[in-house]
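# Structural overview for review
So you can see what is in the structure, the chains are spelled out below.
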Amino acid sequence: QVRLVESGGGLVQAGGSLRLSCAASTRTFTTYSMGWFRQAPGKGREFVAAISWSGGSTYYSDDVKGRFTISRDNAKNTVYLQINSLKPEDTAVHYCATSGGPRATMFRGDYAYWGQGTQVTVSS
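Below, the structure is looked at part by part. Because the structure is predicted, anything quoted here is derived from the model rather than measured. (Residues numbered from 1 in each chain as written. Predicted model: local features only at pLDDT ≥ 70, side-chain atom pairs only at ≥ 80, totals over all residues. Heavy atoms only, no water.)

### Quick notes on unusual backbone geometry
Rule in force here: For helices the rule is a DSSP run of H or I covering at least 4 residues; for strands it is a run of E covering at least 2, with both sets numbered from the N terminus onward.
In this structure, N77 takes a positive phi of about 55° despite not being glycine. The residue N77 is located in the loop between strand 7 (68-73) and strand 8 (78-83) in this model.

Written as structure tokens, this is what we have:
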């Protein structure tokens, strides 16, 4: 069983930044790829970013490319999402997840374990 706990969300003004964290309680974190998804009110959960087990490969949705950066610290069992130049349309609950495998994936159905989410709200 993998437990994921997100933190770092909050209320920020447009143009601001946040760093989300996701702590994983598993001894095999270093073998897992990780991903971030988000769900805005009234919308489905969408892919944001993913990172391979080593951090050597990263993927982003077109909506966030250039503004979001995913990274990981395997010594701390933690994955991060740095969010810059926030826009009101970034307002959503942000979730981290893992497929339990090493290769990063953009497909929601590949992810077996999910955190409870952290709310990001951007005011205009």
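### Observations regarding the nonpolar core
Rules: Grouping buried Ala, Val, Leu, Ile, Met, Phe, Trp, Tyr and Cys residues that are joined through side-chain atoms within 4.5 Å yields what is termed a nonpolar core. Here the term buried applies to any residue with accessible area under 20% of the maximum for its type, exposed to any over 50%, and partly exposed to those in between, with areas from a 1.4 Å probe on protein chains only. By definition in these notes, contact holds between two residues if any of their heavy atoms fall within 4.5 Å.
Core analysis: the largest hydrophobic core is formed by 25 residues, its most contacted members being W36, I70 and L81. Every element with two or more residues in this core is listed here: strand 3 (18-25), strand 4 (34-39), strand 5 (45-51), strand 7, strand 8 and strand 11 (118-123). Tallying contributions element by element places strand 3 first for this core, with four residues. Sequence-distant contacts of L81, defined by excluding residues within four places in its chain, comprise L18, R19, L20, W36, V48, A49, F68, T69, I70 and H94. Counting six residues, the second largest nonpolar core, distinct from the first, contains F37, F47, A104 and Y111.

### Details of the sheet that holds strand 8
Quick reminder of the rule: A pair of strands is treated as paired once DSSP finds two or more bridges between them. All axes are obtained by fitting lines to C-alpha atoms, using only the stretch in contact for helices, and the reported angles, taken between N-to-C directions, cover 0 to 180 degrees.
What the four strands build is an open sheet, ordered 1-3-8-7; its pairing is antiparallel. Taken across any chain shown, the strands that pair with only one partner, and hence form the sheet edges, are strand 1 (3-7) and strand 7. In this sheet, adjacent strand axes meet at a mean angle of 15° when their direction is disregarded. Two elements, strand 1 and strand 3, share five bridges in a ladder whose sense is antiparallel.

### Focus on the pattern of salt bridges
Our working rule: The salt bridge definition used is simple: a Lys or Arg side-chain nitrogen within 4 Å of an Asp or Glu carboxyl oxygen.
The full count for this structure, using the stated rule, is four salt bridges. The salt bridge partner of R38 is E46, with a shortest N-O separation of 2.7 Å. With relative accessibility at 6%, the residue R38 sits in the buried group. A salt bridge links R67 to D90; the shortest N-O distance between them is 2.8 Å. Linking R67 in the loop between strand 6 (58-60) and strand 7 with D90 in the loop between strand 8 and strand 9 (92-98), this pair joins segments that are 23 residues apart in sequence. Owing to a relative accessible area of 12%, R67 belongs among the buried residues under this scheme. A single salt-bridge network, built from bridges that share partners, covers R38, E46, R67 and D90.

### Considerations on the pairing of strand 7
On strand 7, burial follows the alternation: F68, I70 and R72 on one face are buried, whereas T69, S71 and D73 on the facing-out side are not. Taken together, the six bridges between strand 7 and strand 8 define a ladder with antiparallel strand orientation. In the strand pairing of strand 8, D73 is matched with T78. Between strand 7 and strand 8, which follow one another and run antiparallel, lie four residues, and N77 among them has a positive phi close to 55°.

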